[in-house]
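The primary structure of each chain is shown beneath.
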Amino acid sequence: MSVFVADEQTDPVGLAELHSLAELVMREEGYTDDVEVTLLLVDESEMASYNQRFLDRDGPTDVLAFPVEELIPGVIPDRHPQGPPLMLGDVVIAPAYVRRQALDLGVEFEDEIALMVTHGILHLLGYDHIEDDDAERMEGRERQILAKAGRTRR
């Protein structure tokens with residue numbers, strides 16, 4: 001399992017914890033050592049640029065997910081044993097935005113950023129929250145995974 005963490009911003013973040021959490025999310029979803037994911041931590045101006053460029057939305061946001069494959073939650077794709085690792089995609093997080101959001105919500109920053117990592121990776125794995133039942137399923141998985149990591153979902 002390969003988790004690449006690129007910290008391109010100045011807000012202090014526990015990178016090792018985010019790395020371990022990303023691995024936990026993938027393991028809990030049944031993925032093995034032959035997967036790759038990138039966590040990209042950016043400042044709010046960079047996040048606003050991504051949000052505008054890819055979603056046509058103004059301003060920064062907390063997390064964006066850019067999947068490489070179109071996956072189905074709970075279904076591990078078949079792969080050739082000697083083939084390359086499965087590249088899940090990129091999760092982009094704006095820690096400064098997340099820190100302010102945590103303060104506004106009255107939750108710990110570490111819990112909120114853990115939620116962003118979990119939420120983003122679950123999006124890469126095919127989860128979404130467009131329909132109410134899909135949102136409930138995704139939020140349930142977030143709670144389960146975050147509990148295993150000793151974190152709380154708001």
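None of the values given here were measured: they were computed from a predicted structure.

J.: Break down the pattern of salt bridges for me, citing the residues and quoting the values.
T.: A complete count under the given rule lists 8 salt bridges for this structure. A salt bridge links arginine 99 to aspartate 11, with the nearest nitrogen and oxygen atoms 2.7 Å apart. A residue pair is termed long-range when its members are at least 10 positions apart, and arginine 99 in helix H3 (residues 95-105) and aspartate 11 in the loop between strand E1 (2-7) and helix H1 (15-28) qualify at 88 residues. Of the residues examined, aspartate 11 reaches a relative accessible area of 14% and is grouped as buried. Note that arginine 153 and glutamate 142 form a salt bridge whose closest N and O atoms lie 2.5 Å from each other. Of this pair, arginine 153 sits in the segment after helix H5 (132-148) while glutamate 142 sits in helix H5, and the two are 11 residues apart along the sequence. Members of the salt-bridge network, linked through shared partners, are Glu17, Asp111 and Arg151.

J.: An account of the pairing of strand E4 (residues 86-93) is requested, with residue identities and associated values reported.
T.: With 6 of its 8 residues buried, E4 lies for the most part within the structure. As paired elements, strand E3 (residues 63-67) and E4 share 5 bridges and run antiparallel to each other. Residue pairing for E4: leucine 64 is matched across the bridge by valine 92.

J.: Please set out the side chain of aspartate 11 residue by residue, giving values where relevant.
T.: A polar contact is formed between the side chain of aspartate 11 and the side chain of arginine 99, at a distance of 2.7 Å. With sequence-adjacent residues up to four places away left out, aspartate 11 is seen in contact with Pro95, Ala96 and Arg99.

J.: Run through the packing of H1 against helix H4 (residues 109-124), naming residues and quoting values.
T.: Contact pair H1 / H4: the axes reach a minimum separation of 10 Å and the direction vectors enclose 40°. Considering their axes alone, H1 and H4 lie oblique with respect to each other. For the pair H1 and H4, the sense of crossing is right-handed. Contact residues: Leu18, Leu21, Ala22, Val25 and Met26 in H1; Ile113, Ala114, Val117, Thr118, Ile121 and Leu122 in H4.

J.: I'd like a rundown of H4, residues and numbers included.
T.: The first and last C-alpha atoms of H4 sit 23 Å apart over 16 residues, in line with the 22 Å expected at 1.5 Å per residue. In terms of burial, H4 is a largely internal element, 14 of the 16 residues being buried. Downstream of H4 by a residue or two, glycine 126 has a phi angle that is positive, lying close to 105°.

J.: Any details on the packing of aromatic side chains? Residues and values, ideally.
T.: Considering all chains together, one arrives at 3 aromatic pairs under this definition. Here phenylalanine 54 and phenylalanine 66 contribute two aromatic rings whose centre-to-centre distance is 5.0 Å and whose plane-to-plane angle is 65°, an arrangement assigned as edge-to-face. Of this pair, phenylalanine 54 sits in helix H2 (residues 44-55) while phenylalanine 66 sits in strand E3, and the two are 12 residues apart along the sequence. Exposure remark for phenylalanine 54: the relative accessible area of 44% places this residue in the partly exposed category. Among the aromatic residues, those joined into a cluster by ring pairs are Tyr50, Phe54 and Phe66. The residue whose ring lies beneath arginine 99 is phenylalanine 109, and the NZ or CZ to ring-centre distance is 3.7 Å.

J.: How would you sum up H5? Please name residues and give values.
T.: In a regular helix each residue adds 1.5 Å, so 17 residues correspond to 24 Å; H5 covers 24 Å between its end C-alpha atoms and thus fits that length. Among the residues of H5, those classed as buried are Ala135, Met138, Arg141, Glu142, Ile145 and Leu146. One side of H5 carries all its buried residues, which in axial view fall inside an arc of 130°. Along H5, the residues that are exposed and aim more than 90 degrees away from the buried face are Asp132, Asp133, Glu136, Ala147 and Lys148. Elements in contact with the buried residues of H5: H1 and H4. Two residues or fewer after H5 comes glycine 150, characterised by a positive phi angle close to 75°.

Parameters at a glance
Residues numbered from 1 in each chain as written. Predicted model: local features only at pLDDT ≥ 70, side-chain atom pairs only at ≥ 80, totals over all residues. Heavy atoms only, no water. Salt bridge = Lys/Arg side-chain N within 4 Å of Asp/Glu carboxyl O. Helix = DSSP H or I, 4+ residues; strand = E, 2+ residues; numbered from the N terminus. Buried < 20%, exposed > 50% of the residue type's maximum accessible area, 1.4 Å probe, protein only. Pairing = 2+ DSSP bridges. Polar contact = N/O pair within 3.5 Å; in protein donor to acceptor, adjacent residues only side chain to side chain. Contact = heavy atoms within 4.5 Å. Axes fitted to C-alpha atoms, helices over the stretch in contact; angles between N-to-C directions. Parallel < 35°, antiparallel > 145°, perpendicular 65-115°, else oblique. Left-handed = near helix turned anticlockwise from the far one by under 90°. Expected span 1.5 Å × (residues − 1). Phe/Tyr/Trp six-rings, centres within 6.5 Å; stacked < 30°, edge-to-face > 60°. Lys NZ or Arg CZ within 6 Å of the ring centre and 35° of its normal. Arc of directions from axis to C-beta.

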